[in-house]
Amino acid sequence: MLDKQLVYDVLTAALATGGDLAEIFMENTAKNNIVMTNGQIEKANWGIDYGLGLRIILGTNAIYAYTNNTSRDSLLKLAKDSAQAVKASLKEDPTIKSVIVLDRSERAVFADTVQIPVKDVAKSDIVDRLRIASQAAYAYDPLVTQTSNTFLSVVQDVLIVNSNGVWAEDRRARTRVVVTSVASEGNEKQTGTESPGTKGGIEFLNSLDMEKMGRDSARVAVTMLKADLCPSGRMPVIIDNAFGGVIFHEACGHSLEATGVAKGASVFADKLGKAIASPIVNAVDDGTLTGEWGTLNVDDEGATTRRNVLIEDGVLKSFLVDYLGGLRMGTPSTGSGRRESYRFAPTSRMTNTYILPGKDTPEEIIADTEYGLYAKQMGGGSVSPAEGDFNFAVLEAYIVRDGKIAEPVRGATLIGKGHEVLMDIDKVGNNFEAAQGNCGSLSGSVPTNVGQPMVRVKEMIVGGRK
Amino acid sequence: MTFQEFKKELFAQAEANGFSDYEILFLGSDGFSVRVLNGEITEYKSTASQGVGFRGTIGGKMGYASSEKMDASVIGQMLENAATNASIIEEEEIEKLYHGDKSYPEVNAYNPALNEVSASDKIKWALEMESYAKSLDPRVKMADFCTIGNAESEMLMANSYGLNLSQKRNMASATIFARVAENGIMKSSMEYWTGRDFGEFDYKALAEKAVEDALSYLGAESIPTGAYTIAFDNDSAKDLFAVFSGIFMAENAQKGFSLLSNDKVGTEIAVPHITLRDDGVCKKSLGSIAFDAEGVATQQKAIIENGVLKTLLYNLKSAAKDGVKSTGNASKAGLGGAIGTSCTNYYLVPSETSFDEMISGVEKGVIITGMAGLHSGINPVSGDFSVSADGFLIENGKKTKPVEQITIAGNFYDVLKNITAVGSDLRFHSMGQGGIGMPSILVEGIRVSGL
């Protein structure tokens, strides 16, 4: 995207008045989306996001600037203006660092692994697939009154360079389909959603059973429509696999990010090497898994992603660390520096974050539960890392009575404190599955996977309307 | 390429490619912010961005494309994609470009003096705000996200019918997050200021409020499940009304994604002392705007007046469907977003009752000062919500101890009918291109779950 000389000149200008590291993040991102509402295509958009972010690191602080004018003059001006800010921040005489820019042969340039690029597919073909899901949902039950089916494709080309000799170029293609059904009766409306995604191209659509997705989303909407209101209070909660993993994402993952840990604003900040979860809990953050939604070849600072063991037999093994967070904490990056786009400075984030499978079967866990809530499908959630308070919504839930799944209930919310709930996990199942989400934080919204087998928490606060 | 050059080339090629009418929207913005931590500038941010959105009719359908790259090379791609996108549209109601209104409201949303405040002044205030917050109480452990910034934006809209609109706006803001700790338990509170004149900015007041609030949460505990009168403070009331604002959009009502409809106009949907307005130009809000995303002049109007639904909010397409006029509420999510509907400056008309007076008659209640999970714990269609919350207990008319780890659950349509009192403390916040303002409210019939 930029030639070696220009990169060299920009980084050199950025460090002309001091500073320890200068970094360029440039992207050209093509986005396509198609929205079908109630079986008819209503919206279709195409757009290019384009720009460059320049970061200068000074001690453990940063100067960040971005522009979408990438002409030589504009970039040199951006670098010079940023260098002026460096000058103003310095308390002592600066040492001027030299800039290392790699030759072509030494660079990390990743091969494009997309099999079917979005531009090679007729949009009408995608429309036909969305229609199958919509028709299947309407056919499932006459109570299904609306459907909304969306296709999303994002292809982000990035160039990540820094003055220490990092040069990475990558194409990150992501494809996702969101199938939503609404079931109605009188004033009551309930929704069901299926939203699989991949790091990959349109070939992903060939692996999807659109008819089943339409039916499954309709089944949840109709089941919840007929469900009674969820009872409130403290009770054992069984959280099923796939998007159930959002519990670990909220209750623990965010609180392991360097963003909070480095300044002591996390309940786990001083817990490395200590037990923070029940001994049956093992968890990883793995950015290397092929084709997964949260996967990256390199993070948004050019560091190779890896499999980070976060919790082993209940003991905290690692935090999630970006470059700057690492400087603040005195530890190396874990390949966790991420950002939504050039508009954001990177921070420590999750990729594919999983609780690993245990040994109980789901049937055994349910049979072992006298009374409690079975949360089959979770919605989103959030957390405040300093206090550990988290919450999330349950989309599909049932009461468990005498070891059996009984009646469906709707409108439940689960809340708790991360450090307490991890200790209270008393069963980990063997039916691991992952699911896709978008995680929002300081550096914007990034694609992340959550995942787990079925787990049981001894006791949680269930918020319902009854 | 300048905007004028880009527009000329885009319009010429659109005409040549068979678009029967077309529109360009330009958005440019510049921003500055500085964040300090422990007496140092931890992030210094300077940003400049621009981009264009295109809409045009081809084969009787509307096609969209957008680009943040503004050079001649993308024009062909934009038009090709816009044409393909138009070709797959199946919806029968046709989206149309607007010829323009005779007049547009006067909006003064730009203060040139804001640009004259130097970066070093802003850095100084941020550093002073942090050290002042830390000096207020030994329990203050940290004042992070201490940020001061300002931003300005320019929006230009032009189409093949000769419409030519522009709007320039700017704004300043400051944020502080106070974190306090006692007996190993941490509590925090965020406070912020927005304005158009740094002369009105008082960093001491901001720091004092954040610290005072954070300290007041120390010792918070959950409370027993049961029936309580709920007092939403103006901030949490704003969050609740913002997340359910979609129910007033005609577009949602027409698709069955709201329980309201044009047929319900004239009926009582709220208690008689509720008046909810949406004003394009609003002195108390920083988000005044003269025209909407379709170029329609914004309006001053009541959505609910004395409990009665007066109108839904419309863009051109949803208005045509209900046989009414657009209310100037078209919106676009970014440059590439399709035309949707949103509020301009949406607010509940306040009363004369102070917050303390409002809760003085409450025997057993909870003041809600914060809610978490509003993005997931709500059903925007049915109005059901169940979210995590914290705040304070009300006992015999007085605010007493702090409360955490509870959930509150209810239904927004019921809330409108169960508001027993409205406070006087209206406060505006930014929302999208406009703003939202809420006073505190007292509500019955909300379920509290805790111990």
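The rules behind the values
Along each chain, the written sequence defines residue order, and numbers are assigned to residues from 1. Written order decides the labels, with chains lettered from A and ligands numbered from 1. Given that this is a predicted model, residues contribute local features only at a pLDDT of at least 70 and side-chain atom pairs are listed and counted only at 80 or more, while totals for whole chains, interfaces and linings are drawn from all residues. For helices the rule is a DSSP run of H or I covering at least 4 residues; for strands it is a run of E covering at least 2, with both sets numbered from the N terminus onward. Put simply, the radius of gyration uses C-alpha atoms, and a globule should come to 2.2 Å times the residue count raised to 0.38. Each residue is classed by its C-beta neighbour count within 10 Å, where at least 20 other C-beta atoms makes it buried, 12 or fewer makes it exposed, and intermediate counts make it partly exposed; the C-beta atoms are placed from backbone geometry. What counts as a contact is two residues whose backbone-derived C-beta atoms lie within 7 Å of each other. Expected span, for any helix, means 1.5 Å times one less than how many residues it has. Working note: the arc is built from the helix axis to C-beta atom directions. Here the term charged refers only to Asp, Glu, Lys and Arg, the term nonpolar to Ala, Val, Leu, Ile, Met, Phe, Trp, Tyr, Cys and Pro, and the term polar to all other amino acids, Gly among them. For two strands to pair, DSSP has to find at least two bridges joining them. By convention here, the domain bounds are inherited from an automatic or database domain assignment. To define a nonpolar core, we join buried Ala, Val, Leu, Ile, Met, Phe, Trp, Tyr and Cys residues through C-beta atoms within 7 Å and take the resulting set. Here the axes come from fitting lines to C-alpha atoms, over the contacting stretch only for helices, and the angles between their N-to-C directions go from 0 to 180 degrees. Handedness of each helix crossing follows the sense of rotation of the near helix against the far helix: counterclockwise by less than a right angle gives left-handed, clockwise gives right-handed. Residue-level confidence of the predictor is what pLDDT reports, using numbers from 0 through 100. With respect to orientation, any angle under 35 degrees is reported as roughly parallel, any angle over 145 as roughly antiparallel, any angle of 65 to 115 as roughly perpendicular, and every other angle as oblique.

Draft legend 1. Structural view of the overall build of chain A. Helix and strand content of chain A: 10 helices and 24 strands. A compact globule built from 466 residues would reach a C-alpha radius of gyration of about 23 Å, and chain A, at 24 Å, matches this within 12%. With the principal axes as the frame, chain A shows a C-alpha extent of 70 × 55 × 35 Å. Counting the 466 residues in chain A, one finds 61% classified as buried. Intrachain contacts of chain A at a sequence separation of at least 6 include 75% that bridge at least 24 residues.

Draft legend 2. Focus on helix H3 (residues 123-140) of chain A. Residue and element names in this part refer to chain A. An ideal rise of 1.5 Å per residue puts 26 Å on 18 residues; H3 measures up with 26 Å between its terminal C-alpha atoms. Within H3 the residues assigned to the buried category are Ile126, Leu130, Ala133, Ser134, Ala136, Ala137 and Tyr140. Buried residues of H3, viewed axially, fall in a sector of 160°; they line one side. Every exposed residue of H3 that faces more than 90 degrees away from the buried side is listed here: Ser124, Asp125 and Asp128. Close packing links the buried residues of H3 with strand E1 (21-37), strand E5 (144-162), strand E6 (166-185) and helix H5 (210-226).

Draft legend 3. Examining the interface of chain A and chain B more closely. Chain A puts 61 residues into the contact, and the matching count from chain B is 60 residues. In terms of residue count, strand E2 (residues 40-58) of chain A provides more of the side of chain A that touches chain B than any other element does, 12 residues in total. Of the residues assigned to the side of chain A that touches chain B, the class counts are 23 nonpolar, 26 polar and 12 charged. Looking at chain direction, E2 of chain A and strand E3 (residues 61-67) of chain B are connected through two bridges and run parallel. Bridge pairing links Gly47 of chain A to Ser66 of chain B in E3 of chain B.

Draft legend 4. Molecular detail of helix H3 (residues 119-135) of chain B. Residue and element names in this part refer to chain B. Under the 1.5 Å per step criterion, the end-to-end length of H3 is 24 Å for 17 residues, consistent within 8% with the ideal 24 Å. Lys122, Trp125, Ala126, Met129, Glu130 and Ala133 are the residues of H3 that are buried. Along H3, the residues classed as buried sweep out an arc of 130° about the axis, all on the same side. In H3, those exposed residues whose orientation departs by more than 90 degrees from the buried face are Ser120, Asp121 and Ser135. Packing partners of the buried residues in H3 comprise strand E1 (21-37), strand E4 (140-159), strand E5 (164-182) and helix H4 (203-216).

Draft legend 5. Structural view of the domain arrangement of chain B. Residues and elements named next belong to chain B. When cut into domains, chain B gives domain 1 (3-216) and domain 2 (226-449). For domain 1 and domain 2, the distance between their C-alpha centroids amounts to 23 Å. Listed as interface residues are 26 residues of domain 1 and, on the opposing side, 23 residues of domain 2. Broken down by secondary-structure element, the contributors of at least two residues to the side of domain 1 that touches domain 2 are E1, strand E2 (40-58), E3 and E5. The class makeup of the residues in the side of domain 1 that touches domain 2 is 13 nonpolar, eight polar and five charged.

Draft legend 6. Region of interest: the nonpolar core. Within the largest apolar cluster, 145 residues are counted, with the highest numbers of intra-cluster contacts made by Ala14 of chain A together with Ile176 and Ala231 of chain B. Beyond its immediate chain neighbours, meaning those up to four positions away, Ile176 of chain B contacts Met129, Ala133, Ala143, Cys146, Glu191, Leu206, Ala207 and Ala210 of chain B. Counting 127 residues, the second-largest nonpolar core is a separate cluster that includes Ala136, Leu316, Ala412 and Val462 of chain A.

Draft legend 7. Structural context of the sheet that holds strand E11 (residues 308-309) of chain B. Residue and element names in this part refer to chain B. Read across the open sheet, the six strands follow the order E11-E10-E9-E14-E20-E19; overall the sheet is mixed. Where the open sheet ends on each side, the last strands, each with one partner, are E11 and strand E19 (427-431). Bridge analysis of strand E9 (residues 276-279) against strand E14 (residues 345-348) gives three bridges, and the strand direction is antiparallel. Across the sheet, the residue bridging to Leu276 is Leu348, located in E14. Its contacts with the sheet put helix H5 (residues 234-243) on E14, E19 and strand E20 (434-438), and the angle it makes with E20 is roughly 125°.

Draft legend 8. A look at the domain arrangement of chain A. All names here are of chain A. By domain assignment, chain A separates into domain 1 (4-31 + 46-109), domain 2 (118-155 + 171-226) and domain 3 (233-463). Centre-to-centre separation of domain 2 and domain 3, based on C-alpha positions: 26 Å. Between domain 2 and domain 3, the contact holds 14 residues from the first and 12 residues from the second. Every element with two or more residues in the side of domain 2 that touches domain 3 is listed here: E6, strand E8 (197-199) and H5. The element that contributes the greatest number of residues to the side of domain 2 that touches domain 3 is H5, accounting for four residues. For the side of domain 2 that touches domain 3, the per-class residue count stands at three nonpolar, six polar and five charged.

Draft legend 9. Broad picture of the sheet that holds strand E15 (residues 364-372) of chain B. If you trace the eight strands from one edge of the open sheet to the other, you get E7-E22-E17-E16-E15-E8-E21-E18 (chain B), paired in mixed fashion. This sheet does not close on itself; its edge strands, each paired only once, are strand E7 (226-227) and strand E18 (419-422) of chain B.

Draft legend 10. Inspection of the packing of helix H1 (residues 3-16) of chain B against helix H2 (residues 72-88) of chain B at higher detail. Residue and element names in this part refer to chain B. It is the contact of H1 with H2, at a shortest axis distance of 10 Å, that shows an interaxial angle of 35°. Where H1 crosses over H2, the handedness of that crossing is right-handed. Touching Glu9, Leu10, Gln13 and Ala14 of H1 are Ala72, Ile75 and Leu79, all from H2. Broken down by class, the residue content of the contact of H1 with H2 amounts to five nonpolar, one polar and one charged.

Draft legend 11. Structural view of the environment of Ala111 of chain A. All names here are of chain A. Position of Ala111 relative to the elements: it lies in the loop between strand E4 (108-109) and H3. Judged by C-beta crowding, with 8 C-beta atoms within 10 Å, Ala111 ranks as exposed. Note: C-alpha distance between Ala111 and Asp170 (59 residues apart in sequence) is 7.5 Å.

Draft legend 12. Structural view of the confidence of the model for chain B. For chain B, per-residue confidence averages 95 on the pLDDT scale, and 100% of positions sit at 70 or higher. Predicted complex, confidence summary: ipTM 0.91, pTM 0.93.

Draft legend 13. Quick peek at the pairing of strand E18 (residues 389-401) of chain A. Residue and element names in this part refer to chain A. Counting buried positions along E18 gives 11 out of 13 residues, so the element sits mostly inside the fold. Pairing between strand E17 (residues 371-384) and E18: 11 bridges, direction antiparallel. Opposite Tyr371, over in E18, you have Arg401 as the bridge partner. Alignment of E18 against strand E20 (residues 413-417), held across five bridges, turns out to be antiparallel. Among the inter-strand pairings, Asp389 is bridged to a residue of E20, identified as Lys417. Sheet analysis places E18 next to strand E19 (residues 404-410), joined by four bridges and oriented antiparallel. Looking at E19, one finds that Val400 is bridged to Ile405. The loop that links E18 with its antiparallel partner E19 comprises two residues; one of these, Asp402, has a positive phi angle of about 50°.

Draft legend 14. Molecular detail of the environment of Gln84 of chain A. Note that Gln84 of chain A resides in helix H2 (residues 72-89). For the pair Gln84 of chain A and Leu15 of chain A, spaced 69 residues apart in sequence, the C-alpha to C-alpha distance is 9.9 Å.

Draft legend 15. Fine view of the environment of Thr341 of chain B. Residues and elements named next belong to chain B. Considering the arrangement of structural elements, one finds Thr341 in strand E13 (residues 339-341). For the pair Thr341 and Val36, spaced 305 residues apart in sequence, the C-alpha to C-alpha distance is 38 Å. Setting aside its immediate chain neighbours within four residues, Thr341 contacts Met249, Ala250, Glu251, Leu313, Tyr314, Asn315, Ser318, Asn329, Ala330 and Ser331.

Draft legend 16. Local environment of the packing of helix H1 (residues 4-14) of chain A against H2 of chain A. All names here are of chain A. Relative orientation of the contacting elements H1 and H2 amounts to 20°, with a least axis distance of 7 Å. When the interaxial angle is binned, H1 and H2 end up roughly parallel. Crossing angle aside, the handedness with which H1 passes H2 is right-handed. Of the residues in H2, those in contact with Leu6, Asp9, Val10, Ala13 and Ala14 of H1 are Arg72, Leu75, Leu76, Ala79, Lys80, Ser82 and Ala83.

Draft legend 17. Seen up close, the pairing of E14 of chain B. Residues and elements named next belong to chain B. Burial of E14 is two-sided: the residues Asn345 and Tyr347 facing one way and the residues Tyr346 and Leu348 facing the other way are all buried. As judged from the three bridges shared by E14 and E20, these two strands associate in the parallel manner. Across the sheet, Tyr347 pairs through a bridge with Gly437, a residue of E20.

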